[in-house]
Amino acid sequence: MQQFRAFQASGYAGLFGRSFLHHPFWPINSLISPSKPFVQKRGLIVQTLDQDLVKLERLSGADEGIVALKLDRGDAKNAISKNMLKEFRSVLHSLSGDKSANVMMVYSAISRVFCAGADLKERKLMSPAEVMDFVNSLRSAFTFLEALPIPTIAVIEGTAFGGGLELALSCDLRICGEQAVLALPETGLAIIPGAGGTQRLPRIIGKGLAKELIFTGRKVDAKEAVSLGLVNHCVPSGDAYNKALEISREINQKGPVAIRMAKHAINSGLDLQMSSALEVEENSYNKLLNTEDRLEGLAAFSEKRKPIYKGK
């Protein structure tokens, strides 16, 4: 609850509205305690959760401000179970009001797998009502991820199927290794993508191509993913994390409040008429005029030095 209040007090809550924060499938009282222990490792700090299926790593030193969400359910190819989803949601909530985080990477600890999607073995044991609750909760989690005020980058090495691809689509940027394979195969199981895939994919690659991929469920390799605009960059296998870290470092050097306002302006204006969208841009710009960071940027430019931004 302290994290929820911090999110409200931070001012970011106003960007998304109270209806989002009180989503019926996002119960605040389901959170894991925000006082979970942190473990110091070389170059990063790891926030440990109950089962460690999802870990939050905070890079330190020159990379302070960069965080990494690690998926680590190796026995099931990161298939999203109820417990894994609970931990995933808790990590997102811990970040929602955290002004020390400037950019987040989402990656897998499992070789050649990003995320296999929902845990279908667990799904077989669910009643229709339980399936509906789980899918609604998963969709809400990815919506929350998409609405985080900081930029997010999916690091895709290997397979990203179903809910795994929907997770990646909820991120702002996607980087893949050259052996990556992506698909929304749900129609082959007589269902449809239910965690945002039918809405985010056409917004990213266009309606016609999205319909083809969803109707057929066919797999897309890394080369085609780049050509479709499904991913931002394709790099040699094993280098996706390093490429994402390179981009994260570039973002981390910019004004943190400006980055948040840029994301808000882009996301909020996309579905509006141009005149209304430009008003969103104007309002976002105006919120930066009296920040300390803006004055620091001008001073650093004048003095020909690197700016030191404080996110204020």
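It should be noted that the structure appears before, not after, this text.
Residues numbered from 1 in each chain as written. Predicted model: local features only at pLDDT ≥ 70, side-chain atom pairs only at ≥ 80, totals over all residues. Heavy atoms only, no water.

**Points about the environment of G255**
Its place among the elements puts G255 in the loop between α11 (240-252) and α12 (256-269). On the basis of relative accessibility, which here comes to 13%, the residue G255 falls in the buried class. Residues G255 and E292, 37 residues apart in the sequence, show an inter-C-alpha distance of 10.0 Å. (Helix = DSSP H or I, 4+ residues; strand = E, 2+ residues; numbered from the N terminus. Buried < 20%, exposed > 50% of the residue type's maximum accessible area, 1.4 Å probe, protein only.)

**What to know about the packing of aromatic side chains**
Going through the model one piece at a time under the given rule, you end up with two aromatic pairs. Both rings, one in F88 and one in F142, keep their centres 6.0 Å apart while their planes meet at 85 degrees; by these two values the pair is edge-to-face. One end of the pair, F88, is in helix α4 (residues 82-96); the other, F142, is in helix α6 (residues 128-147), and 54 residues separate them in sequence. Looking at F88, the relative accessible area reads 4%, which means it is buried. According to the relative accessible area criterion, F142 is buried, its value standing at 1%. Ring geometry for Y107 versus Y241: centroids 5.0 Å apart, planes at 70 degrees, classification edge-to-face. Taken together, the residues span a long stretch of sequence, with Y107 in strand β5 (residues 103-108) and Y241 in helix α11 at a distance of 134 residues. Relative accessible area serves as the criterion here: at 13%, Y107 is assigned to the buried category. For Y241, a relative accessible area of 23% corresponds to the partly exposed category. (Phe/Tyr/Trp six-rings, centres within 6.5 Å; stacked < 30°, edge-to-face > 60°.)

**Regarding the packing of α12 against helix α13 (residues 274-286)**
α13 packs onto α12 with a crossing angle of 165 degrees between their chain directions and a minimal axis gap of 9 Å. In terms of axis orientation, α12 runs roughly antiparallel to α13. Along this stretch, α12 crosses α13, giving a crossing that reads as right-handed. Along the contact surface, α12 presents M261, H264, A265, S268 and G269, while α13 presents A277, V280, E281 and S284. Among the residues forming the contact of α12 with α13, the class breakdown is four nonpolar, four polar and one charged. (Axes fitted to C-alpha atoms, helices over the stretch in contact; angles between N-to-C directions. Parallel < 35°, antiparallel > 145°, perpendicular 65-115°, else oblique. Left-handed = near helix turned anticlockwise from the far one by under 90°. Contact = heavy atoms within 4.5 Å. Nonpolar A, V, L, I, M, F, W, Y, C, P; charged D, E, K, R; others polar.)

**Some details on a nonpolar patch on the surface**
Together, L120, L189 and I191 line one region of the surface with nonpolar side chains, adding up to about 270 Å² of accessible area. Residue placement: I191 occurs in the loop between β10 (181-183) and α8 (197-205). (Patch = residues over 30% accessible without salt bridge, like charges linked within 9 Å, V, L, I, M, F, W, Y side chains within 5 Å. Areas by Shrake-Rupley, 256 points an atom, 1.4 Å probe, with all protein chains shown as cover. Salt bridge = Lys/Arg side-chain N within 4 Å of Asp/Glu carboxyl O.)

**Description of the nonpolar core**
Core analysis: the largest hydrophobic core is formed by 52 residues, its most contacted members being F88, M104 and F114. One finds M105, A240, L245 and I251 within the second-largest nonpolar core, a separate group that totals 15 residues. (Core = buried A, V, L, I, M, F, W, Y, C linked by side-chain atoms within 4.5 Å.)

**A few points about the pattern of salt bridges**
This model, assessed by the stated rule, comprises 13 salt bridges. Close ionic contact of K55 with D72 constitutes a salt bridge, the shortest N to O distance being 2.6 Å. Linking K55 in strand β3 (residues 54-59) with D72 in the loop between β4 (66-71) and α4, this pair joins segments that are 17 residues apart in sequence. Its salt-bridge partner being D63, residue R249 comes within 2.9 Å of it at the nearest N-O pair. With R249 in helix α11 and D63 in the loop between β3 and β4, this residue pair connects regions lying 186 residues apart in the sequence.

**Quick notes on the packing of α8 against helix α9 (residues 207-216)**
At their nearest, the axes of α8 and α9 sit 7 Å apart, and the two run at 135 degrees to each other. With respect to each other, α8 and α9 are oriented oblique. In the crossing of α8 with α9, the sense of the turn from one axis to the other is right-handed. On α9, the residues touching G197, T198, L201, P202 and I205 of α8 are K207, L209, A210, L213 and I214. Considered class by class, the residues forming the contact of α8 with α9 number seven nonpolar, two polar and one charged.

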